[in-house]
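This is what each chain is made of:
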Amino acid sequence: ARCTKDKLPSYFVLSQLFQAQGKVVDAYGTCSSILTQLGETIPDSVDYEVVGAMIPETLRKYDEVYCDDWLGKKMEDYTLRYVIRFYGQMVL
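What comes next is a walk through the structure. (Residues numbered from 1 in each chain as written. Predicted model: local features only at pLDDT ≥ 70, side-chain atom pairs only at ≥ 80, totals over all residues. Heavy atoms only, no water.)

Topic: the packing of aromatic side chains
What describes a pair of aromatic rings is the distance from one ring centre to the other and the angle between the planes of the rings.
Part 1 of the reasoning: Scanning the entire structure with this criterion turns up 3 aromatic pairs.
Part 2 of the reasoning: Ring plane angle 70° and centroid distance 6.1 Å describe the contact between F12 and Y82, whose orientation is recorded as edge-to-face. On the criterion of sequence distance, the pair formed by F12 in helix α1 (residues 8-20) and Y82 in helix α5 (residues 79-90) is long-range, its members being 70 residues apart. In this structure, F12 and Y82 share a single accessibility class: buried.
Part 3 of the reasoning: Summarising the aromatic geometry, the rings of Y82 and F86 are spaced 6.4 Å apart at their centres and angled 45° between planes, so their arrangement reads as tilted. (Phe/Tyr/Trp six-rings, centres within 6.5 Å; stacked < 30°, edge-to-face > 60°. Helix = DSSP H or I, 4+ residues; strand = E, 2+ residues; numbered from the N terminus. Buried < 20%, exposed > 50% of the residue type's maximum accessible area, 1.4 Å probe, protein only.)

A short note on the packing of α1 against α5
Part 1 of the reasoning: α5 packs onto α1 with a crossing angle of 10° between their chain directions and a minimal axis gap of 10 Å. Viewed along their axes, α1 and α5 adopt a mutual orientation that is roughly parallel. Judged by the twist between their axes, the crossing of α1 over α5 is left-handed. Residue-level contacts link L8, P9, Y11, F12, S15, Q16 and Q19 of α1 to T79, Y82, R85, F86 and Q89 of α5.
Part 2 of the reasoning: Across the contact of α1 with α5, the residue classes tally to 6 nonpolar, 5 polar and 1 charged. (Axes fitted to C-alpha atoms, helices over the stretch in contact; angles between N-to-C directions. Parallel < 35°, antiparallel > 145°, perpendicular 65-115°, else oblique. Left-handed = near helix turned anticlockwise from the far one by under 90°. Contact = heavy atoms within 4.5 Å. Nonpolar A, V, L, I, M, F, W, Y, C, P; charged D, E, K, R; others polar.)

Geometry only, nothing functional implied.
What follows is the structure in structure tokens.
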């Protein structure tokens with residue numbers, strides 16, 4: 001794996017391991033770092049309401065980039081799935 005996108009599954013597992021070990025600061029830091037590298041703007045802390053607002057904004061950005069072929073591109077590009085997963089992991 002050369003780029004961040006290639007490493008998304010590994011980083012997600014790492015964040016899950018941190019959560020399981022009770023290292024929530026490390027889990028949050030991992031998720032925040034990866035999301036920032038993917039172009040997301042992450043606040044210092046998040047809760048369900050914040051994540052609830054961030055996910056639609058991310059989907060809107062994907063819609064702007066991919067336009068009418070959004071669904072087809074979404075199926076090819078697994079990055080969006082991991083962005084949503086990392087957001088979910090941050091509020092656990």
